[in-house]
Amino acid sequence: MAIQYSPFRMNVRDILNRPGEMREHRFQVPAREPFGEGLVAVREGSELDLDVRLESVHEGILVSASVDTVAEGECGRCLIDIALPVEVEFQELFAYHSGEAFEFEVQDDHVDLEPLIRDAVVLSLPFQPVCRPDCPGLDPETGLRLADHPELDSPNVRDPRWAALAGFQASEDQGPDVASDADPKRD
Ligand SMILES: [Zn+2]
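Residues numbered from 1 in each chain as written. Predicted model: local features only at pLDDT ≥ 70, side-chain atom pairs only at ≥ 80, totals over all residues. Heavy atoms only, no water.

Asker: Can you walk me through the coordination of the zinc ion in this structure?
Answerer: The reference angle at a metal is 109.5 degrees if four donors form a tetrahedron and 90 or 180 degrees if six donors form an octahedron. Donor atoms from the polypeptide that coordinate the zinc ion comprise Cys75 (SG), Cys78 (SG), Cys131 (SG) and Cys135 (SG), at 2.3 Å from the metal. One can describe the donor arrangement at the zinc ion as tetrahedral, given that its 4 donor atoms subtend angles of 105 to 116 degrees at the metal. The class of Cys131 is partly exposed, set by a relative accessible area of 29%. (Donors = N, O, S within 2.8 Å, 3.2 Å for Na, K, Ca; no water. Tetrahedral: all angles 85-135°; square planar, octahedral: opposite > 155°, others 65-115°. Buried < 20%, exposed > 50% of the residue type's maximum accessible area, 1.4 Å probe, protein only.)

Rendered as structure tokens:
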């Protein structure tokens, strides 16, 4: 099988079968494909900051890594463009080939971190990303972003006069269902 160059494949030859040996690497590499398919994703070419520790253990190479990058997309409420910092960590054993089936194995003196990095990043992405935790979303009538137009933001809730009227209407609406003929308020 031909070995393709990948910046995510790390050479571990110098620590193979040397339990206790350890190597640490910090490097940056651009994502070679988009990570994620939701409202926010790490775009192809986005810089990934990797902090990788490779430890030789009896069964293989134990990889501990942290990934820092930025996901881009739009707020799920108001649709404005947003960028969210992504910071994830993972640990995985790359076993020596032993005849048993391991999900990750040392191959040709290398460990390939790309699928682990992708999965860790994708799992960390929010399904409902927001530009800020209290994003009020869009005005249903005008489609304008309420954060930019606070005057549109639910006048019947914010304005005490409207709130009082809304409460009055609600009790009026409920009246026929709850009230019996003996309702004292109606006398
Ligand atoms: Zn928003």
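Asker: What should I look at first to understand the side chain of Ser64 in this one?
Answerer: In this structure, Ser64 sits in strand β5 (residues 60-74). Engagement of the side chain of Ser64 in a polar contact is seen with the side chain of Gln91, the distance being 2.9 Å. (Helix = DSSP H or I, 4+ residues; strand = E, 2+ residues; numbered from the N terminus. Polar contact = N/O pair within 3.5 Å; in protein donor to acceptor, adjacent residues only side chain to side chain.)

Asker: What exactly am I supposed to notice about the environment of Ile15 here?
Answerer: Tracing the sequence through the fold places Ile15 in the loop between β1 (9-11) and β2 (22-30). Linking Ile15 and Glu55, residues 40 residues apart in sequence, is a C-alpha distance of 7.8 Å. Apart from the residues within four sequence positions on either side, Ile15 is in contact with Glu21, Arg23, Leu54, Glu55, Ser56, Ile61 and Tyr96. (Contact = heavy atoms within 4.5 Å.)

Asker: When you look at the pairing of strand β4 (residues 47-57) in this model, what are you seeing that I'm missing?
Answerer: A regular strand carries its side chains on alternate faces of the sheet. Burial along β4 is one-sided: the face carrying Leu48, Leu50, Val52, Leu54 and Ser56 is buried and the face carrying Glu47, Asp49, Asp51, Arg53, Glu55 and Val57 is not. As paired elements, β2 and β4 share 9 bridges and run antiparallel to each other. Across the sheet, the residue bridging to Glu24 is Arg53, located in β4. Summarising the sheet, β4 and β5 pair through 9 bridges and their orientation is antiparallel. Bridge pairing in β5 links Leu54 to Val63. Hairpin connection between β4 and β5: a loop of 2 residues separates the two successive antiparallel strands. (Pairing = 2+ DSSP bridges.)

Asker: Explanation requested: helix α1 (residues 114-124) in the structure shown.
Answerer: For an α-helix, 3.6 residues make a turn, and residues three or four places apart therefore share a direction. For α1, every residue scored as buried is listed here: Glu114, Leu116, Ile117, Ala120 and Val121. All buried residues of α1 project into a common sector of 165 degrees when viewed along the axis, lining one side. Buried residues along α1 sit against β4, β5, β6 (81-95) and β7 (110-112). (Arc of directions from axis to C-beta.)

Asker: Help me understand the pattern of salt bridges in this model?
Answerer: Where charged atoms from two side chains of opposite charge approach closely, those side chains can pair. Counting across every chain of the model gives 11 salt bridges. A salt bridge links Glu72 to Arg43; its shortest N-O distance comes to 3.3 Å. On the criterion of sequence distance, the pair formed by Glu72 in strand β5 and Arg43 in the loop between β3 (40-41) and β4 is long-range, its members being 29 residues apart. Overall, Glu72 belongs to the partly exposed group, its relative accessible area being 28%. Overall, the relative accessible area of 43% leaves Arg43 in the partly exposed class. Notably, a salt bridge pairs Asp134 with Arg132, separated by 2.8 Å at the nearest N-O pair. For Asp134, a relative accessible area of 52% translates into the label exposed. Through salt bridges with shared partners, one network takes in Asp14, Arg18, Glu21 and Arg23. (Salt bridge = Lys/Arg side-chain N within 4 Å of Asp/Glu carboxyl O.)

Asker: Is there a simple way to think about the nonpolar core in this case?
Answerer: Formed by 37 residues in total, the largest nonpolar core has its most connected members in Leu48, Leu54, Ile61, Val63, Val111 and Ile117. Among the elements of the structure, β4, β5, β6 and α1 are those that each provide at least two residues to this core. Residues within four places of Leu54 in sequence aside, it is in contact with Met10, Val12, Ile15, Glu21, Met22, Arg23, His25, Ile61, Leu62, Val63 and Val111. (Core = buried A, V, L, I, M, F, W, Y, C linked by side-chain atoms within 4.5 Å.)

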